[in-house]
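Commentary on secondary and tertiary structure
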2 protein chains.
Amino acid sequence: VVIIMPGREAEAGRLAEGLRRRLPSTAVGVWPEYGAADEVTAVVSWRHPPGVLEGFPALRMVASFGAGAEHLLEDAAVPAGVAVVRTVADGLARDLAEYVVAAVTRHRRRLREHERDQRRRRWRPRTYPARWTDLVLGMGRMGVVSARALAALGHEVLGWRRSVAAPVSGVNCLAGMPALADALPDADAVVCLLPLTPATGDLIDESFLARMKPGSLLVNVARGRHVVEDDLLDALDRGRPKHAVLDVVRTEPLPPEHPFWDHPGVTLTPHVAALTDPEAAADRIADNLRRLDAGEPLLDEVDRELGY
Amino acid sequence: VVIIMPGREAEAGRLAEGLRRRLPSTAVGVWPEYGAADEVTAVVSWRHPPGVLEGFPALRMVASFGAGAEHLLEDAAVPAGVAVVRTVADGLARDLAEYVVAAVTRHRRRLREHERDQRRRRWRPRTYPARWTDLVLGMGRMGVVSARALAALGHEVLGWRRSVAAPVSGVNCLAGMPALADALPDADAVVCLLPLTPATGDLIDESFLARMKPGSLLVNVARGRHVVEDDLLDALDRGRPKHAVLDVVRTEPLPPEHPFWDHPGVTLTPHVAALTDPEAAADRIADNLRRLDAGEPLLDEVDRELGY
């Protein structure tokens, strides 16, 4: 197995150590240093350089170092017979939920306004809405945990996904585009936790944003390409949404001249809503390497048709 | 029943309406306008003017419009035979928990630092601690809900109270002063949800703060008099705690010249962590008025010895 994570050498090193400890008889290399290319059967990738996967003729599995795998599906060098798996490390969904809860509660409780009052030395009690509805887009492993965390605060929670699935207690589950259009005007906060697929890219565009509730909040903790950024800037000017909390943007790092940096309606964090811990990732990836060897079903294998 | 809430006339009016609707045969007045003083058997108070309760010879119950009743216990005009009750309206504990979660998650996830980075146009991913311990002071009706909400985020939660009580799932419960002194150095966030009593006033003083963990957070959503404010200012200079989120202060509104206003280590909100909804309060108070009439045990009656 070769780990290819350019720019994240420290994490790659910790992951390699973790895999070696768990699988003593497996050779683990960190790109660009490893043994014979034709003996490589698995790759762990985080933004691997284009074309690099073509050099492994015996490749059988590519694991994303993270919960998203769109960078692997978009690489034409991953042959159809190669399994693509996501790595949903323990704690990842919980950390995402904590970030979502921080963003939503800050908006509901008007904490930005209170901080502005403090700077102006104004003691001004402000009420907060008695009822509050969150709409969670994407009810996969990540979305369900965030939806439950919001419901535990007493919020009404709507959970939207592509197709009907198992019910989630405390969450009102919706499916399909017409249900999304109906739900948007009711949501005080919309939280994007979708996988990035051809169907979900650019979903949050002018027509989506125009249906949002005045004064509402948009939280994106999925991928920058879910949001049409110029449309969001226009929508913020109209107060629908009033504020956006973005952990992801289309180009990361965000270019220095981008209007998000100093837009008063945008809170920006540098893709830190949930960090994959190399030790926890080693657990999941070692398990999948064992399964690959034994011919067992893989964990979190991506359906390449659906894109997640 | 007479409602005495100077400065909060709108809420007093809504509460009066709510009580009249629920108890059509009870006369409900809003101070300073009401019928015969010697027919008043119950008062609802929020910071009533000193001495005003002396004018009601038939008084049997005083209800605080809120979860704290220290202002009633400290009023020598409330005779020993008069029952003092708190009003813990539905949703109050939940709203407090939401505020606590907002304050603690913001600190753990370094969102203040990320916002500073954004103002400087810096894309700088910052890691967050893998393990996190919250210490909740006061495990009454309020504390238990906040402790559970923090535990649901995956935090380790210690719950401290005066004396040993029923266990709370997911919370490591402690009792007594020696256990508090032991727990303080382990807590990444300390959340004060104590009642204000002679035993808890000034609890958060120099010696308490000196035991806090470097870099930690103090959240006070109880009463300003729990905290020795000069000691807190000194402690913030030493980074123990690193930050304080204060919804309550010793003098409210905070005087214009107070150093909290522009201290970088203090986030201040104007006593809004949980607002008592007059409709929900009317439910609880009407229930207690019925119980008083029927000679049944009152809800949330205060033990005047303990102070809560």
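Conventions and cut-offs
Residues numbered from 1 in each chain as written. Chains lettered and ligands numbered in written order. Predicted model: local features only at pLDDT ≥ 70, side-chain atom pairs only at ≥ 80, totals over all residues. Heavy atoms only, no water. Helix = DSSP H or I, 4+ residues; strand = E, 2+ residues; numbered from the N terminus. Areas by Shrake-Rupley, 256 points an atom, 1.4 Å probe, with all protein chains shown as cover. Lys, Arg positive; Asp, Glu negative; His and termini not counted. Charge placed at Lys NZ, Arg CZ, Asp CG, Glu CD. Pairing = 2+ DSSP bridges. Axes fitted to C-alpha atoms, helices over the stretch in contact; angles between N-to-C directions. Least-squares fit on C-alpha atoms with pLDDT ≥ 70 in both. Contact = heavy atoms within 4.5 Å. Buried < 20%, exposed > 50% of the residue type's maximum accessible area, 1.4 Å probe, protein only.

Quick notes on the overall build of chain A
- Looking only at helices and strands, chain A has nine helices and twelve strands in total.
- By principal-axis analysis of the C-alpha atoms, chain A measures approximately 65 × 40 × 30 Å.
- Entry remark: accessible area of chain A is about 13200 Å², with carbon and sulfur atoms responsible for 50%.
- For chain A, the distance from the average position of its 38 positive side-chain charges to the average position of its 43 negative side-chain charges is 9 Å.

A short note on the sheet that holds strand 12 (residues 266-268) of chain B
Residue and element names in this part refer to chain B.
- Read across the sheet, seven strands follow the order 8-7-6-9-10-11-12 without closing on themselves; strand pairing throughout is parallel. Of all strands in the sheet, those with a lone pairing partner are strand 8 (172-175) and strand 12, marking the two edges. Here the strands of the sheet are splayed against their neighbours by 15 degrees on average, with no regard to which way each runs.
- Across four bridges, the pairing between strand 9 (residues 189-192) and strand 10 (residues 217-220) is parallel. Each residue of the ladder has a partner; that of Val-190, found in strand 10, is Leu-218.

Considerations on the relation of the copies chain B and chain A
- Of the transformation placing chain B onto chain A, the axial shift is 0.0 Å and the rotation is 180 degrees, giving an RMSD of 0.0 Å. Taken together, these values place the two copies in the relation of a two-fold axis. For chain B, the smallest separation between a C-alpha atom and the rotation axis is recorded for Ala102(B), amounting to 2.6 Å.
- Counting the interface residues of chain B, we find that 100% of their copies in chain A are interface residues as well, pointing to one common contact surface.

Some points on unusual backbone geometry
- Following Arg240(B), the chain continues into Pro241(B) via a peptide bond in cis, with omega recorded as 0 degrees.
- Along the chain, the position of Pro241(B) falls in the loop between helix 8 (229-237) and strand 11 (243-246).
- With an omega of -10 degrees, the peptide bond between Glu252(B) and Pro253(B) qualifies as cis.
- The residue Pro253(B) is located in the loop between strand 11 and strand 12 in this model.
- For Arg47(A), which is not a glycine, the phi torsion comes out positive at approximately 55 degrees.
- Residue Arg47(A) is classed as partly exposed on the basis of its relative accessible area, which comes to 47%.
- The phi angle at His271(A) is positive, at roughly 55 degrees, despite the residue not being glycine.
- One can find His271(A) in the loop between strand 12 (266-268) and helix 9 (278-294).

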